[in-house]
Amino acid sequence: ASAATSGSSNAQQRARGGRPGAVATVVGSGGNSNATLDRSREAAAAREMTKFRRLRRSGKDTRKIAENLATVNARSGRAPLAGAVDVRVEGVDISFGGLVLLEGAQINLAHSRRYGVVGRNGCGKSTLMKAISRRELPLPPDMDVLFVEQEVAGDDRSALQCVLDSDETRRELLSREKELLGELEDLETSSVVAASKAGSAEESIPEAAARKKVLEDELQSLYTELEATGADSKVARAGAILAGLGFSADMQRRKSRSFSGGWRMRISIASALFVEPKLLLLDEPTNHLDLFAVLWLSDYLQQWPHTIVVVSHDRDFLNEVVTDIIHVKDKKLHAYSGNYSDFEKTRAEQLKELMRSAESQEMRRKHVQSFVDRFRFNAKRAAMAQSRIKLLQKMEESRVSLPSEDEEFAFSFPEPGALTGSHAAVVLSGVSFAYDTNSAADVVEGDAPALSAAQKEPSSRKLLFENLDFSVNTDSRVALV
């Protein structure tokens, strides 16, 4: 989970060469340093474009590169004011090379609403989310934005500690507490040493007492602030979120580097839910979750007090969670109230109404065109024909525009032909599988419940299955659940 930085820091990062394709200006007295920077950035963008084309030719996934190279513009009027809780952006243009993803689109995100972004693959959904998280679109300056797109980097911190550390305020306060307690301990030690000496050392004791009073007052103020932020209850809250996403008490103590990418993605989601940003962006959050975790996440997000924007292809999840749908279609963002089922129903009705209007308009146009063709060169009806020609022009300008039709997606399995002998089946006999768990090297002592002696054994193993016997034949249809 990566929090979006402020606009100024983003600008500085882009100026340092942080993202290919972004425009940067450096002011200084370095002669032609601007030109050198521009050339280096153009070269970096060209390398990225070459890599993108090479991957596209080989049929590999190019989405990440396309998102980073996208050009984002917005023609919003006034800059958003501090304290605003809604997002209003007009004239959004997003393009990549010669491909236009959005053109003149409008974004309206109301506070405490939950938006589901839907559309065909490659229409620009994830690119739009990245543009919002990077503040490449105008957002209220004090609105915190969090985009969950990738798993946390594995390190020696426990899963629980990773979630707790995502709260920057709590982390800074606890760090300051540690510094103050260290200073007080050093001061006590030095005071004892000074008191054991004679002469001038006695003169420094009042100064040490005054310093101790300052540190104790600051420490008391810090404890008051920690209490106001609910720091005592946050450990339990972080643990409850992890538990909802499938982490047992033992797993919460394990080092994050010991988890697979899917489980580290769950840590990212847990961190985002724990921080509770004003604008939460989720890209396919259910991809790494099992059924029970998806159900828990759906219930949790329904109680979310702020704004959510989620990209998902899971219609059941969208039906449970979202209050609005944003449909990315024909380079525009079309807003619909309700969940995904409501969106499908409303869109089907709108499409029928558009088709009726288009048919009616076409019948009227043909009637007028017939009159023009018949009397254009008739001297008595020339004036009437000319007025009908002008009417045809107006009708063309106000012509009903039907949405483009989605391409039908289909695939087929080639006929493999008959298989005989040993190739006709896959046979498993007496198969078992287990893996090491609760290794002492992967467990972090901290706020989670203590482990038993048996759980701390490095040799403990988790048995998933044993003595498994089954076969898969050419006519089998097997589902793993």
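Structure report, in brief. (Residues numbered from 1 in each chain as written. Predicted model: local features only at pLDDT ≥ 70, side-chain atom pairs only at ≥ 80, totals over all residues. Heavy atoms only, no water.)

### What to know about the overall build of the chain
Here's step 1: The number of helices and strands found in the chain is 14 helices and 12 strands.
Here's step 2: The 481 residues of the chain split such that 34% are buried.
Here's step 3: Residue pairs at least 24 apart in sequence account for 69% of intrachain contacts in the chain once pairs closer than 6 positions are excluded.
Here's step 4: Approximately 29200 Å² of the chain is accessible, and the part contributed by carbon and sulfur atoms is 52%. (Helix = DSSP H or I, 4+ residues; strand = E, 2+ residues; numbered from the N terminus. Buried < 20%, exposed > 50% of the residue type's maximum accessible area, 1.4 Å probe, protein only. Contact = heavy atoms within 4.5 Å. Areas by Shrake-Rupley, 256 points an atom, 1.4 Å probe, with all protein chains shown as cover.)

### What to know about helix α14 (residues 382-397)
An α-helical turn contains 3.6 residues, so any two residues separated by three or four positions project in the same direction.
Here's step 1: Between its first and last C-alpha atoms α14 spans 23 Å; for 16 residues at 1.5 Å apiece the expected length is 22 Å, and the two agree.
Here's step 2: Of the residues making up α14, those classed as buried are A385, I389, L392 and M395. Along the axis of α14, the buried residues cluster in a sector spanning 120°; they form a single face. Structural note: α14 exposes A383, K390, K394 and E397 on the side pointing more than 90 degrees away from its buried face.
Here's step 3: Looking at the packing, one finds that the buried side of α14 touches α13 (340-375). (Expected span 1.5 Å × (residues − 1). Arc of directions from axis to C-beta.)

### Some words on the packing of aromatic side chains
Here's step 1: This model, assessed by the stated rule, comprises seven aromatic pairs.
Here's step 2: Arranged with centres 5.8 Å apart and planes meeting at 90°, the rings of F411 and F413 form a pair that is edge-to-face.
Here's step 3: Three or more aromatic residues joined by ring pairs form one cluster here, namely F247, F259 and W263.
Here's step 4: A cation sits over an aromatic face here: R266 above W263, 4.1 Å from the ring centre. (Phe/Tyr/Trp six-rings, centres within 6.5 Å; stacked < 30°, edge-to-face > 60°. Lys NZ or Arg CZ within 6 Å of the ring centre and 35° of its normal.)

### Re the side chain of N339
Here's step 1: Mapped onto the fold, N339 is located in the loop between β10 (332-337) and α13.
Here's step 2: The buried category is assigned to N339, whose relative accessible area is 19%.
Here's step 3: One polar contact links the side chain of N339 to the main-chain carbonyl oxygen of N319, over a distance of 3.4 Å.
Here's step 4: At 3.0 Å, the side chain of N339 and the backbone nitrogen of D342 are in polar contact.
Here's step 5: Setting aside its immediate chain neighbours within four residues, N339 contacts L318, N319, V322 and I325. (Polar contact = N/O pair within 3.5 Å; in protein donor to acceptor, adjacent residues only side chain to side chain.)

### Some words on the environment of L222
Here's step 1: In this fold, L222 is placed in helix α7 (residues 201-228).
Here's step 2: We classify L222 as buried; its relative accessible area is 6%.
Here's step 3: When the C-alpha positions of L222 and L180 are compared, they lie 9.7 Å apart, and in sequence the two are 42 residues distant.
Here's step 4: Once you skip the residues sitting within four places of it in the chain, L222 turns out to touch L173, R176, E177 and L180.

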